[in-house]
Amino acid sequence: MSKKITIHNGKLLIPDNPVIPYIAGDGTGPEIWSAASSVIDAAIAKVYHGVRKIEWCPLSAGENAYHETGSYLPAETLATIKECIVAIKGPLGTPIGGGFRSINVTLRKELDLYACIRPVKWVPGTPSPVVRPELVDIVIFRENIEDVYAGIEWPADSENAMKVTHYLNSEMNCQIPDGAGIGIKFLSKHGTERIMRKALQYAVDNERSTVTIVHKGNIMKYTEGAFKTWCYELAKSEFGHVVITEEELAGNKLPEGKILLNDRIADNMFQQILLRSADYDVLVCPNLNGDYLSDAIAAQVGGLGMAPGGNVGDYVAIFEATHGNAPKYAGMDKVNPGSVLLSAAMMLTYMSWHEAADAITEALTKTIQQKKVTYDLARGIDKAEELSTSQFAAAIIANL
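Reading the values: rules and limits
Residues numbered from 1 in each chain as written. Predicted model: local features only at pLDDT ≥ 70, side-chain atom pairs only at ≥ 80, totals over all residues. Heavy atoms only, no water. Helix = DSSP H or I, 4+ residues; strand = E, 2+ residues; numbered from the N terminus. Rg over C-alpha atoms; globule rule 2.2 N^0.38 Å. Buried < 20%, exposed > 50% of the residue type's maximum accessible area, 1.4 Å probe, protein only. Pairing = 2+ DSSP bridges. Axes fitted to C-alpha atoms, helices over the stretch in contact; angles between N-to-C directions. Contact = heavy atoms within 4.5 Å. 1 Å grid on protein atoms, 1.4 Å probe; cavity = no way out; pocket = protein on both sides within 12 Å on 5 of 7 lines; lining within 4 Å. Points joined across faces, edges and corners; volume = space filled by probe spheres on them. Polar contact = N/O pair within 3.5 Å; in protein donor to acceptor, adjacent residues only side chain to side chain. Expected span 1.5 Å × (residues − 1). Patch = residues over 30% accessible without salt bridge, like charges linked within 9 Å, V, L, I, M, F, W, Y side chains within 5 Å. Areas by Shrake-Rupley, 256 points an atom, 1.4 Å probe, with all protein chains shown as cover. Salt bridge = Lys/Arg side-chain N within 4 Å of Asp/Glu carboxyl O.

> Would you take a moment to explain the overall build of the protein for this structure?
When helices and strands are tallied, the protein shows 14 helices and 17 strands. Computed over the C-alpha atoms, the radius of gyration of the protein is 22 Å, within 12% of the 21 Å expected from 2.2 N^0.38 for a compact globule of 400 residues. Across its three principal axes, the protein shows a C-alpha extent of roughly 65 × 60 × 50 Å. Looking at the protein as a whole, 51% of its 400 residues qualify as buried.

> I'm lost on the sheet that holds strand β11 (residues 243-245) in this one. Help?
Through backbone hydrogen bonds, the strands of a sheet pair up, either in parallel or in antiparallel fashion. Taken in spatial order, the eleven strands line up as β4-β3-β5-β15-β14-β6-β7-β13-β10-β12-β11 in an open sheet, and their pairing is mixed. Edge positions in the sheet fall to β4 (55-58) and β11, since each of these pairs with one other strand and no more. Taking each pair of neighbouring strands and ignoring which way they run, the sheet shows an average axis angle of 25 degrees. Running at roughly 155 degrees to strand β10 (residues 210-215), helix α7 (residues 224-239) makes contact with β10, β11, β12 (259-265) and β13 (282-285) of the sheet. Each of β3 (19-23), β4, β5 (86-89), β6 (115-121), β14 (308-312) and β15 (317-321) is contacted by helix α11 (residues 338-350), which is oriented at about 160 degrees to β15, the strand it contacts most.

> I keep staring at the layout of surface pockets and nothing clicks. Help me out?
To find the voids left in a structure, one rolls a probe of water-molecule size over its atoms. Counted as a void, the largest pocket has a volume near 1,400 Å³. Every residue lining the largest pocket is counted, 41 residues in all, and those nearest its centre are Y202, N206, M346, T349 and Y350. Elements supplying a minimum of two residues to the lining of the largest pocket: β2 (11-13), β6, β7 (137-143), α6 (189-205), β14, α11 and α12 (354-369). When residues of the lining of the largest pocket are assigned to their parent elements, the largest contribution, six residues, is made by α6.

> Help me out: how do you make sense of the side chain of S339 in this one?
Relative to the helices and strands, S339 is located in helix α11. Here the side chain of S339 touches A307 through a polar contact of 2.5 Å, landing on its backbone oxygen. Look past the residues within four positions of S339 in its chain and what remains in contact with it is L304, G305, A307, P308, E320, A321, T322 and H323.

> How should α12 be read in this particular structure?
Between its terminal C-alpha atoms α12 stretches 22 Å, which fits the 22 Å expected from 16 residues at 1.5 Å a residue. Of all the positions in α12, only A356, A357, A359, I360, A363, L364, T365, T367 and I368 are classed as buried. Its buried side turned inward, α12 meets α1 (29-48), α11, β16 (372-373), α13 (375-378) and α14 (389-398).

> I tried to follow a nonpolar patch on the surface on my own but got confused; where do I start?
There is a patch of nonpolar side chains on the surface, built from I152, I184 and F186 and spanning about 210 Å² of accessible area. Relative to the assigned elements, I184 resides in strand β9 (residues 182-184). By relative accessible area, I184 is classed as partly exposed at 37%.

> It is not clear to me how the environment of S388 should be interpreted in this structure. Could you clarify?
Turning to its location among the elements, S388 is positioned in the loop between β17 (385-386) and α14. Given a relative accessible area of 14%, S388 falls into the buried group. Put simply, S388 and K372 are 16 residues apart on the chain and 9.8 Å apart in space, counted from C-alpha to C-alpha. In this structure the side chain of S388 is engaged in a polar contact, spanning 3.3 Å, whose partner is the side chain of S390.

> I'm lost on the environment of A35 in this one. Help?
Note on placement: A35 falls in helix α1. Residue A35 is classed as buried on the basis of its relative accessible area of 5%. Between the alpha carbons of A35 and A344 there is a distance of 12 Å; along the sequence they are 309 residues apart. Not counting chain neighbours up to four residues away, the residues in contact with A35 comprise P337, T389 and A393.

No statement about biological role is implied by the geometric values presented.
See the structure below:
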């Protein structure tokens, strides 16, 4: 009998038959989800011999939801995710330059999913544009609610943009030209502290050796500069027994059981991640920096088709594909379901179903090493056997 996940004494209680909501997504989302869910179910059945099973609960969001209900994100969808605590979703479309606000951003804000967690690690056999993709094993903690993603902006020549421009020019001695679009960026101490706390706790729990704060504090001194300062202060006050800064280490060997804490300017970090991948372990970023970096680092291990992600609050979590919905491929049974599959492995790990998570990752790896892959990976693998989305899922299941 299915039961919902609950919270007791600050911990998730996971029944053997948990109800897990899912959003299939827009564009290629439904076919990716169909393939991925077949692998998830097969892995759980094989590993737990029928003792455990997920009861999937379909939810509506995106374009299909709008056609059916008149809302891109129905209130029932939000309420169900809150009630069930853990959910998974495929890609949802967002228009550029106008239209409705990003559903992904709205989900994160409404459910207070303040940590976007994106592990980036090479799956052996995956084609990569870099020489040593195996050196990349990085987990990005991206603040998910603040920064420019807070959505405080007004279009050029609008009444509100003109009001803000007039105020800033007349009262704050700014020099904003008439007719400019206006956006406001903010970073708070509270938001910074909780993303840093989650990143440091992850590093402690998973024996990671380095935590790097990524910021543009040399230019945005009172937002990203403050982000850097607040991160260091939180580390010292709550994790002082385990962290040691780059300055304190002074080039010496990192003591056993300690975590190195450092920071890097965002633009320099793009170079560092290419030239010295092995030196970086956990990255803590404001929203926009984390968005750019997670995509760039994913490219080093084969692209967004192999990039998982999770949006996590204190308890509620939604795991998701990090790529777009690729509408031009919709219905073609063509797109790689790897991102959703690896996100599902993250979800199962979050639920402490480690055996099933490992089974999915190992079977996916074996299938890629057999050169049985979807078109995106086949382009970079010599003599690969190009499979459809559903065929790829069947090949992974055969390798469980």
